[in-house]
Amino acid sequence: QVQLVESGGGLVQPGGSLRLSCAASRSRLFSMYDMGWYHQAPGKQRELVASISSGGVTNYVDSVKGRFTISRDNAKNTMYLQMNSLKPEDTAVYYCNAHVTWGTLTNDYWGQGTQVTVSS
């Protein structure tokens, strides 16, 4: 199974920046996975923030366009989320997701989450 570990969260002031990392282990086929970052704020459902396909195509929820950048380094089995111009409403637990397809079998794997708090 795919194992994902997020890191890089923390406390930052509004307007500040953070870079989240998602490291995949036991993932020799990492380059074939579609990857995404989700966040979940208290009392809210988990929401897709940004995604990057195995082919490198990226998508963002409107609220983060122009501020966040998703990327991946397949040689390092790692996905990143560069978050700039952070706002208090970005406060949430951020989760790494891997969408894995093995022929007709599809699975989603999740990291444990990393807390991002934006507060003055």
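Please explain the packing of aromatic side chains as it appears in this structure.
Centre distance and the angle of the planes are the two values used to describe a pair of aromatic rings. Applying the stated criterion across every chain yields a total of two aromatic pairs. Ring geometry for Phe30 versus Tyr33: centroids 6.1 Å apart, planes at 75°, classification edge-to-face. Like Phe30, the residue Tyr33 is buried in the burial classification. An angle of 65° between the planes, with centres 4.8 Å apart, marks the rings of Tyr38 and Trp110 as edge-to-face. Separated by 72 residues along the polypeptide, Tyr38 in strand β4 (residues 34-40) and Trp110 in strand β10 (residues 105-110) bring together distant segments of the chain. Overall, Trp110 belongs to the partly exposed group, its relative accessible area being 37%. Here the basic side chain of Arg46 rests over the ring of Trp110, its NZ or CZ set 4.8 Å away from the ring centre. Against the face of Phe30 rests Arg72, its NZ or CZ located 4.8 Å from the ring centre.

For this particular structure, what's the right way to read the pattern of salt bridges?
Two side chains of opposite charge can pair, provided their charged atoms sit close to one another. On inspection of all chains with the given rule, the structure shows two salt bridges. The residue Asp62 makes a salt bridge to Lys65 at a minimum N-O spacing of 2.9 Å. Put simply, Asp90 and Arg67 hold a salt bridge, and the shortest N to O gap is 2.8 Å. Taken together, the residues Asp90 in the loop between β8 (78-83) and β9 (92-102) and Arg67 in the loop between β6 (58-60) and β7 (68-73) connect sequence positions 23 residues apart. In this structure, Asp90 and Arg67 share a single accessibility class: buried.

What's the story with the pairing of β7 in this structure? I'm lost.
Working note: regular strand, side chains alternate between the two faces of the sheet. Only one face of β7 is buried: it carries Phe68, Ile70 and Arg72, and the other face, with Thr69, Ser71 and Asp73, is open. Hairpin remark: β7 followed by β8, antiparallel, with four residues in the connecting loop; positive phi at Asn77, about 50°.

Definitions and cut-offs
- Residues numbered from 1 in each chain as written.
- Predicted model: local features only at pLDDT ≥ 70, side-chain atom pairs only at ≥ 80, totals over all residues.
- Heavy atoms only, no water.
- Phe/Tyr/Trp six-rings, centres within 6.5 Å; stacked < 30°, edge-to-face > 60°.
- Buried < 20%, exposed > 50% of the residue type's maximum accessible area, 1.4 Å probe, protein only.
- Helix = DSSP H or I, 4+ residues; strand = E, 2+ residues; numbered from the N terminus.
- Lys NZ or Arg CZ within 6 Å of the ring centre and 35° of its normal.
- Salt bridge = Lys/Arg side-chain N within 4 Å of Asp/Glu carboxyl O.
- Pairing = 2+ DSSP bridges.

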